[in-house]
Amino acid sequence: MRMKSWKTIAKRLGLAAGLGVLASAPALAWEPTKPVTLIIPAGTGGGADQMARFIQGVIQKHELMSKPLIVVNKGGGAGAEGFLEMKASANDPHKIVITLSNLFTTPLGTGTPFNWKDMKPVKMMALDQFILWVNASEPYKTAGDYISAVKAGEDRAFKMGGTGSKQEDQIITVAIEKETGGKKFTYVPYDGGGKVAVQLVGGHITSSVNNPIEAVAQWRGGQLRPLCIFDKARSTYTAKVTEAQAWGDIPTCAESGLPIEYQMLRGIFTTKNATPDQVAYYEGVLKKVMETPEWKEFMEKGAFNQTTMTGSEFEAWLTAAEARHRELMTGAGFVAGAK
Amino acid sequence: MSAIDPDQVHDVEAEKPLVSLRAADIAVALLFLATSAIVIVDSVRLGFAWLPNEGPAPGYFPFYIAVTMGIASLINLARALPQPEGEEAKPMTSVPGFLRMCAIFAPAVAFVFAISWIGIYVSSAIYIAAFMLVVGKFPLWKALAVALGVAGISFAMFEIWFLVPLPKGPLEAAFGF
Amino acid sequence: MEELSALAEGFGHALTWYNVALMVLGITLGVVIGVLPGLGGANGVAILLPLTFSMNPTSAIIMLTSIYWGALFGGAITAILFNIPGEPWSVATTFDGHPMAQRGRADEALVGAFTSSFVGAIFAVALITFLAPAVAKFALKFGPAEFFAVQFLTFASFLGMGRGTPWKTLASMCLGFALASVGLDGVTGSLRMTFGYDELLNGFKFLVAVIGLFGIGEILTSMEDGLKFSGADAKLRMDAVIRTWKQLPRMFGTFIRSCIVGCWMGITPGGATPASFMGYGLAKRFSKRGHNFGKGELEGVVAPETAAHAAGTSALLPMLTLGIPGSPTAAVLLGGLLIWGLQPGPLLFVEQKEFVWGLIASMYLGNVVGLIMVLTCVPLFAAILRVPFSIVAPVIVVICAIGAYTVNNSMFDVWMMLAFGVMGYLFSKLGYPLPPLVLALVLGDQAESSFRQAMLVSQGDVTVFWSNWLSGSIMTLGVILAFWPLAQGLMNRFGRSRPAAA
C-alpha cells in the first residue's frame, strides 16, 4: 500500500512523466480531450463543496476518467458567478457544475440573468434533506412542542439560524411561520451551515434547519436534538447514528403537524450546447461513482435521499422545482425588484 | 534609453519635474470625492435607515462611510489647494522617472491585454524577454532562456502539478490543453 | 499527566521515516504555495487530498497539514524580498520586512520571520495539547455580538497607526470599507454597488488589492528611483541565524503578546490575517522600539509572524472539536476528514484518540522539520536579491498577474490589480497610509455582517454588546485601545508640564 501511494505521488508530481496515460478503453463515443473543470457555485467547506470534492476523490481513486477533474469554487454573488461562467461557456463541454438550491433562488433573489435552461442537465445525484434542530438542553421533544412554544411566545422571540439570505433555509423558515399563528421567527443569516450548527450549540439561536451532514457531529455528541425531517417519508437509514437513534427514527414534519416538505437538489449539469454523446459520457462516469461503496457510505452519513434521475424525467423535475421556488419566494417577498 | 536603467539609482528630485505633488494631491482628493458620490447614490437606493427589529439596512454602513470619506476628502482637498508661497512646488515625479515607470507598466498593460488572446504563458514569455532585451540590454539567448524558463516552470506548476487552470491560447490548444 | 502519555503515544505513531518523508514533501510544496500569491494552502491540500485516500488517515493528515505549515512559513519570503504578500497573513510582514531587505538585512528578516512563526505555532500546539476541551467550550460562547467585539478590538488596536495626516488616514480607511461592501450583502441577499456589472458580483478581493497595492506599487516606485537595495551588494554571511537569534530574547514581551493574540484569534475564529495585523498594531503601540516600526525593525517582523502562525495553528482546534473550519484550508481538510470516515466534532477526541494524538504530535514535528528546512534555505532566498532588477521586475509582474487571476479565475481581477498598483504608487507618494485601507478591506465585510447579525438577534438594541461579560470586556478593551493614542498624548503633555511646573 505504501509503495502504491508513493507511486501515485510521484505520478501526480509529474515525475513519472506523461508516459503512463495511455490506458483506458475507447468504449464511449466521446472522451474529454483536456482536463474537465467541476465548478462549485459556493464557498469551500459547505455541503456542495464537500460533495464535489468527494466526487473528485472517488473519480481519481477509481480512475473513472481519462483526463483530470479540476474542482474550482466560484461562489461569488450567492453562486451567480459560477452559473454565469457556465452560461458564458455554452460551447465548452469540458465544464460541469454541481448545483444546490441557489440554482433557483439566486436568479430570483438577486435578479442575476440566468436560468437552469442555460445549462444541460446531466444527472440528479441525490436530494439533500433538511431537519429541524434545537439545542439538546431545550425542553422541546417534538416539532409540535416547539411550534406551540413559538405560538405562545412573543413575536420574534425565537431565533432561526440559517445559511445565507433569501435562500433555502430562509424559505423553509417562512414556510414554518405559516403554522405558528402569525408569530414570526427572527431569521439570522450566517455564512455557512457548519457555523449555524455551532451557533445553535452555543445557544445564540434557538433552532436551525441544517442539512443532516452539517449537524450530525453535534447530534452524536448529545448537543443538538433533531425534531423532524422535511420529507414526505422517514429516512430509510436504520443504522444507529447515536446510541439510541437512527436517521429513520426522526419523524417527518407532517407527522408532527408541520405539513412542510423541502429537499435540495444535488445535481450535475454541463454546458448548454453539449451533444448527447457528451452528456452520456458524464452520465456514465457519475453512474460509476454512485456504484462505489464510498458513495453509499457518504450517502448514509449525510442521510441523503437517494433519488436519482436523468434525461427528460430530470428536466420535468427541474421545471416543477423552479415553479415551486418561484411560488415560495414570491410568497415570501424574496423576488428581486418585487419590493 | 540609458535613462531607463532600473539597476542604477536615480535622483528623481534633480530631474525635470513632470507633475507636482500638489496637482496629484488635488486629483486624488477629487477621485475620492467621486467614489464617495458613487457609493452614496447606491446606498440611498438600498436604503440607509435603521430598521425596527432588524438594525441597519444594507445601505446604512456604506452611506455613512461614504459621507465620512467625502468629508475627509474635502478637507484633504482644501489643504492641498493653496499654492505654497515662495519656493517652487515639490514634484511628485520627473519626466524620466515617469518614463522609467512606463517602461514596466505600459508593457504590463499590453501583457494583460494579450493574456485573453494568446494565453498567460506565451504572453508572459514575450513580456519578460522583451523587457530584458530592450530595458535590461541582455543578450538574446539570456532573455530567451529566462523567459522560456519562467513560462515553462509556471506551466508545469499550475497546469500539471496543482491543476489550476490559467488562461491558455492557441499554442497550448495545439498541444491538447 | 494524561495528555503527556497520550502525546507520547502520538509521537510513536507519527515518528516513522515514511511520515517524516511525507512531511518534507508536504512542507516543500507548502513553501512553494506560500511563495506564490494566488496559490493558497487550500489549493495544495485540495489537490493532494485525493491521493491520500490510499494512505492511513494519520499519514494522510500529516502530509496535508505539512502543506499548511509550509504555506505559513513561505508567505513571508516574497513579502520580505519583494513586498508581495504571498499569503494574506503576510501583509503585515511587509511593513518592516521589506524595509529591512532594502537595507541589506533580508537574511535577518527571513530568519526572524521563520523563527517567530515557529514560536507562534509551538505555543498554539501546546495550547491544543493541554487545553483543547476547555478551549472548545470557550469558542462556543462566541455569537455575533462577540464576533463583532473581536473585530472591533482588532481595528482599535490598529487605529492611529498610519504615518499620514489624520484626514488622509481616515479617507484611506473609509475607502477600504467602501470597497469591502461591494458585492452580495450576506445579511439581506441584495447586491450592493455592482451597478449591473457581473464582474463586481464577487466584490474586491483582499488578495487582489494587496498584490496590486504592495507588489505592483513597489515595482513602480523601484523603477522610478532605480533599485535601492543596498543589500544587493552586501556579502552573504552565513551567520545570519546566530546574529538574529541573539536579538530575539529582548523581544520576549512581543512574542508572548503575539502568541496570545494569535491563539485567541485562531480559536474564536478571527483568522490569521486579522491576528497578524493586531499583533503588529499592539507591538507598535507597546514596544519600546515601536516608534521605529515601518522603517525596518526586526520586532515589526516578529510581531505579525508570531501572531499569524499561532492563529493559523490554533484554527485547527475549532475544526477538530466543533467541525467549523477557521480558514479555507482548514475547510478543505475538514472535507478530507469526512471522506476518511472521521467525523470532526465533540466526539473526535473520544472515538479517534490515535488519530487526534498522532495529528497533534505531527504538529510539533512538522514545525521542527519546517523550521530546519527554511532556515537552511535563507542564504538561497536572500541570494535572489542579487538577480538584476531588469530580470526580476517583469517576472514579479507575471507572478502578480497569475496570483491575481487565480483568486477568482477572472481576468477582471488582473486589470483591477494593475489599477490597484497605480493606486498604491499614488498613495505612498501622497502620504495616504495603506495599512488602514487593507485592514478595512479584510475586516469591513465581516465586521458589518457580525454587527447586523447581532442587531437581528437583539432586535436592534445596541446595548447587546455590553450584555454579557465576554463581549462587554472585549468591547471595553477596544474602546480603551481606540482612545489610547489620545490618552497617551495627554499623559505625555501632563508628564512634560509637571516637571516644568515644579
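Note that the coordinates shown come from a computational prediction; the quantities given were computed from them, not determined experimentally.

### Topic: the overall build of chain A
Here is step 1: Counting secondary structure elements, chain A contains eleven helices and eleven strands.
Here is step 2: In terms of overall dimensions, chain A is globule-like: its C-alpha atoms have a radius of gyration of 21 Å, near the 20 Å expected for 339 residues.
Here is step 3: With the C-alpha coordinates of chain A rotated into their principal frame, the extents come out at 70 × 50 × 30 Å.
Here is step 4: The burial tally for chain A puts 51% of its 339 residues in the buried class.
Here is step 5: Taking the contacts inside chain A whose residues are at least 6 apart along the sequence as the reference set, 77% of them involve residues at least 24 apart.

### Details of the sheet that holds strand β8 (residues 207-208) of chain A
Here is step 1: Reading across the sheet, the five strands line up as β7-β6-β8-β5-β9 (chain A) and stay open at both edges, with mixed pairing between neighbours. Unpaired on one side and paired on the other, β7 (186-190) and β9 (224-229) of chain A mark the two borders of the sheet.
Here is step 2: Across the face of the sheet, helix α7 (residues 193-201) of chain A comes into contact with β5 (131-135), β6 (159-163), β7, β8 and β9 of chain A while running at roughly 155 degrees to β6 of chain A.
Here is step 3: Helix α21 (residues 435-458) of chain C rests against β6 and β7 of chain A of the sheet, and its axis sits at about 160 degrees to β7 of chain A.

### Brief notes about the domain arrangement of chain A
Residue and element names in this part refer to chain A.
Here is step 1: Here chain A is described as being made up of domain 1 (34-128 + 264-332) and domain 2 (131-249).
Here is step 2: A straight line from the C-alpha centre of domain 1 to that of domain 2 covers 26 Å.
Here is step 3: Counting residues per element, the ones that place at least two in the side of domain 1 that touches domain 2 are α4 (102-110), α10 (293-301) and α11 (311-332).
Here is step 4: Partitioning the side of domain 1 that touches domain 2 into residue classes produces six nonpolar, nine polar and three charged.

### Some details on the interface of chain B and chain A
Here is step 1: In this assembly, eight residues from chain B lie in contact with nine residues from chain A.
Here is step 2: The residue makeup of the side of chain B that touches chain A, split by class, is six nonpolar, two polar and no charged.

### Brief notes about the packing of helix α4 (residues 120-134) of chain B against helix α5 (residues 140-161) of chain B
All names here are of chain B.
Here is step 1: Between α4 and α5, whose axes approach to 8 Å, the crossing angle comes to 155 degrees. Comparing the axis directions of α4 and α5 gives the class roughly antiparallel. Taken as a pair, α4 and α5 cross one another with a handedness that is right-handed. Across from Tyr121, Ser124, Ala125, Ile128, Ala129, Met132 and Leu133 in α4, the residues of α5 making contact are Leu140, Lys142, Ala143, Leu144, Val146, Ala147, Leu148, Val150, Ala151, Ser154 and Phe155.

### Section: the sheet that holds strand β10 (residues 264-271) of chain A
Residue and element names in this part refer to chain A.
Here is step 1: Taken together, the six strands give an open sheet; going across it, the order is β2-β1-β3-β10-β4-β11, and neighbouring strands pair in mixed fashion. What marks the edges here is a single partner per strand, and that holds for β2 (69-73) and β11 (309-310).
Here is step 2: Two strands pair when backbone bridges link them, and strand β1 (residues 36-40) and β2 are joined in this way by five bridges, in the parallel orientation. What sits directly across from Val36, in β2, is Leu69.
Here is step 3: Strands in contact with helix α9 (residues 276-291) are β3 (95-99), β4 (119-128), β10 and β11; relative to β4, the strand with the most contacts, it is inclined by about 20 degrees.

### Observations regarding helix α22 (residues 469-482) of chain C
All names here are of chain C.
Here is step 1: If you check α22, its first and last C-alpha atoms are 19 Å apart, about what 14 residues at 1.5 Å a residue would give, namely 20 Å.
Here is step 2: Buried within α22 are the following residues: Ser471, Ile474, Met475, Gly478 and Leu481. Viewed end-on, α22 has its buried residues packed into an arc of 120 degrees, placing them on one side of the element. When the buried face of α22 is taken as reference, the exposed residues oriented beyond 90 degrees from it are Trp469, Ser473 and Ile480.

### Topic: the interface of chain C and chain B
Here is step 1: Contacts between the two partners involve 53 residues from chain C and, on the opposite side, 61 residues from chain B.
Here is step 2: Elements represented by at least two residues in the side of chain C that touches chain B include exactly α3 (41-48), α8 (166-180), α9 (206-225), α19 (389-408), α20 (411-430) and α21 of chain C.
Here is step 3: The element that contributes the greatest number of residues to the side of chain C that touches chain B is α19 of chain C, accounting for twelve residues.
Here is step 4: In terms of residue class, the side of chain C that touches chain B is made up of 33 nonpolar, eleven polar and nine charged.

The rules behind the values
- Residues numbered from 1 in each chain as written.
- Chains lettered and ligands numbered in written order.
- Predicted model: local features only at pLDDT ≥ 70, side-chain atom pairs only at ≥ 80, totals over all residues.
- Helix = DSSP H or I, 4+ residues; strand = E, 2+ residues; numbered from the N terminus.
- Rg over C-alpha atoms; globule rule 2.2 N^0.38 Å.
- Buried ≥ 20, exposed ≤ 12 C-beta atoms within 10 Å, placed from the backbone.
- Contact = placed C-beta atoms within 7 Å.
- Pairing = 2+ DSSP bridges.
- Axes fitted to C-alpha atoms, helices over the stretch in contact; angles between N-to-C directions.
- Domains from an automatic or database assignment.
- Nonpolar A, V, L, I, M, F, W, Y, C, P; charged D, E, K, R; others polar.
- Parallel < 35°, antiparallel > 145°, perpendicular 65-115°, else oblique.
- Left-handed = near helix turned anticlockwise from the far one by under 90°.
- Expected span 1.5 Å × (residues − 1).
- Arc of directions from axis to C-beta.

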